[in-house]
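Here is what each chain is made of, one letter per residue.
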Amino acid sequence: MLVLGLETSCDETGVALYDSERGLLADALFSQIDLHRAYGGVVPELASRDHVKRMLPLIRQVLAESGCAPGEIDAIAYTAGPGLVGALLVGASCAQALAFAWGVPALGVHHMEGHLLAPMLEEQPPEFPFVALLVSGGHTQLVRVDGIGRYQLLGESLDDAAGEAFDKTAKLIGLGYPGGPEIARLAESGTPGRFVFPRPMTDRPGLDFSFSGLKTFALNTWQQCRSTGDDGEQTRCDIALAFQQAVVETLTIKCRRALKQTGLKRLVIAGGVSANQALRQSLEKMLAELNGKVFYARPAFCTDNGAMIAYAGCQRLQAGQHEGPSIKVQARWPMEQLPAL
Ligand code: KG4
Ligand code: ZN
């Protein structure tokens, strides 16, 4: 089955062609980072308008790159939520219009299920069951995964998502958008031990997270330094390192706990923050101690992309799921509501 996947939930237009027999045939992305940078974050209306501009050229591009004709496409998968409603509507309308024109079924895909399954596109995909740590700009969740659509939420952030904490902290110390890659870059030159940030909610039981206190801690540290004239690049690097270490260690402690609680030894990390090298190294080390294994996607498939939507959609479409010609998206959509395959 050849599936066209469309992703437009936030600030990236992603398009891909995935074939159940031949694998990923083509994948194209347009990132709106430059468009939103001047505002220090995503401006929803600008995002929607830009998706409209990019979508058809990107579809033409993946068709050309794969050598496929539109007539060969068996179905269309698009991100139906969670995300920015205006942005989601662009992908949904485009998918439904093409599905109608080409006489093929369409299916709305859950964005976080897309992230969760992205490591399946790699050479050594994880087997079910596993624990998944989903860390994106909008979500931080620990999930027990027994199969596609068989998700049990173990814990989640009570306030900021991990990526959101990276982005907000970066902004507070004067770094660019998106903050995750910026903080990771500066942290490389940070002085270990100069600042020590708290590891929120690790001293009590449970698998929930809270990251909003860390950004306040970073702001206070930065303001204290500035008040003594210590506001140079090195101080930013030192704060970036202390912040990153706090997030990474907190996530590692909770992942270890989730693995212990479930008795599982496979951990999947997915979403934009799973591109973070320090997080990967910390989790690799922990899983090595447990004789387990950590799985993640290539960096380009950790952040938003069309390939993960084409893949996730293909699994569900092959199982016979599809929907009628109505255009429906959801800004909020708990993943546990998805039907099991
Ligand atoms: O999954 P994603 O592309 O979009 C959402 O679904 O939200 O995640 C974007 C988030 C942003 O908050 C960004 O700062 C963060 O992922 N991010 C990173 C890194 N690369 C992206 N955070 C930490 N380290 C990175 N290398
Ligand atoms: Zn995402």
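What counts, and at which threshold
- Residue indices begin from 1 for each chain and proceed along its sequence in written order.
- For this description, chains carry letters from A and ligands carry numbers from 1, given in the order in which they are written.
- Restriction of local features to residues with pLDDT of at least 70 applies here, the model being predicted, together with a cutoff of 80 or more for giving and counting side-chain atom pairs; totals for whole chains, interfaces and linings are based on all residues.
- Hydrogens and water are ignored here; the side-chain numbers use all heavy atoms of the structure.
- Secondary structure follows DSSP: runs of H or I at least 4 residues long count as helices, runs of E at least 2 residues long count as strands, and numbering of each begins at the N terminus.
- Under this definition, polar contacts are N or O atom pairs within 3.5 Å; protein pairs additionally need one hydrogen-donor-capable and one acceptor-capable atom, and for neighbouring residues in sequence, both atoms have to be side-chain atoms.
- Residues are treated as being in contact if the distance between any of their heavy atoms lies within 4.5 Å.
- Metal coordination here is assigned from N, O and S atoms located within 2.8 Å of the ion, or within 3.2 Å for Na, K and Ca; omission of water means that sites may look incomplete.
- The rule is simple: take the accessible area with a 1.4 Å probe, protein chains only, and divide by the maximum for that residue type; under 20% is buried, over 50% is exposed, in between is partly exposed.
- Using only the protein atoms, space was sampled on a 1 Å grid; points where a 1.4 Å probe fits but cannot get out form cavities, open sets with protein on both sides within 12 Å along at least five of seven lines form pockets, and lining residues are those with an atom within 4 Å of a point.
- Grid points are joined across faces, edges and corners, and a volume is the space filled by probe spheres set on the points.
- Note on residue categories: nonpolar means Ala, Val, Leu, Ile, Met, Phe, Trp, Tyr, Cys or Pro, charged means Asp, Glu, Lys or Arg, and polar means any other residue, Gly included.
- Put simply, a salt bridge is a Lys or Arg side-chain nitrogen that is within 4 Å of an Asp or Glu carboxyl oxygen.
- Being near a molecule or strand, for a residue, means having at least one of its heavy atoms within 4 Å of it.
- Areas reported as accessible are Shrake-Rupley estimates using a 1.4 Å probe. Residue values count occlusion only from the protein chains shown.

Caption draft 1: Quick look at the side chain of Q32. Within the fold, Q32 resides in the loop between β3 (23-31) and α1 (33-37). Of note is the side chain of Q32, whose polar atom sits 3.1 Å from the backbone oxygen of A47. Apart from residues no more than four positions distant in its own chain, Q32 is found in contact with C10, D11, T13, A47, D50 and H51.

Caption draft 2: Highlighting the coordination of the zinc ion (ligand 2). Here the zinc ion (ligand 2) is held by H111 (NE2), H115 (NE2) and D304 (OD), and the distances to it run 2.0 to 2.1 Å. Look at where the donors of the zinc ion (ligand 2) fall in the sequence and you get H-x3-H-x188-D. Of this pair, H111 and H115 are both found in helix α4 (residues 111-117), 4 residues apart, which corresponds to roughly one turn of the helix. For H111, a relative accessible area of 6% puts it in the buried group. The exposure class of H115 is buried, given its relative accessible area of 1%.

Caption draft 3: Structural view of the layout of surface pockets. Counted as a void, the second largest pocket has a volume near 260 Å³. A80, L107, G108, E323 and W333 are the residues nearest the centre of the second largest pocket, which is lined by 15 residues in total. Mapped by element, the contributors of at least two residues to the lining of the second largest pocket are β4 (75-81) and β5 (106-110). Tallied by class, residues from the lining of the second largest pocket come to 6 nonpolar, 6 polar and 3 charged.

Caption draft 4: Fine view of the pattern of salt bridges. The final tally for this structure, using the stated rule, is 17 salt bridges. A salt bridge links E45 to R49; the nearest nitrogen and oxygen atoms lie 2.9 Å apart. With E45 and R49 both in helix α2 (residues 44-66) and 4 residues apart, this pair spans about one turn of that helix. A relative accessible area of 44% places E45 in the partly exposed class. Look at R49 and you get exposed, because its relative accessible area is 53%. E164 is paired through a salt bridge with K168; the nearest N and O atoms lie 3.0 Å apart. With E164 and K168 both in helix α5 (residues 162-172) and 4 residues apart, the pair spans about one turn of that helix.

Caption draft 5: The site of ligand 1, seen in detail. Taken together, 19 residues are adjacent to ligand 1, and H115, G137, D167, G180 and N276 come closest. Between ligand 1 and G180, the relevant distance is 3.0 Å, taken from an oxygen atom to a main-chain nitrogen or oxygen of the residue. Considering ligand 1 on its own, with 550 Å² of exposed area, one finds that the protein chains cover 87% of that surface. Elements with a contribution of two residues or more to the shell around ligand 1: α4, α5 and α6 (179-187). The class makeup of the residues in the shell around ligand 1 is 6 nonpolar, 11 polar and 2 charged.

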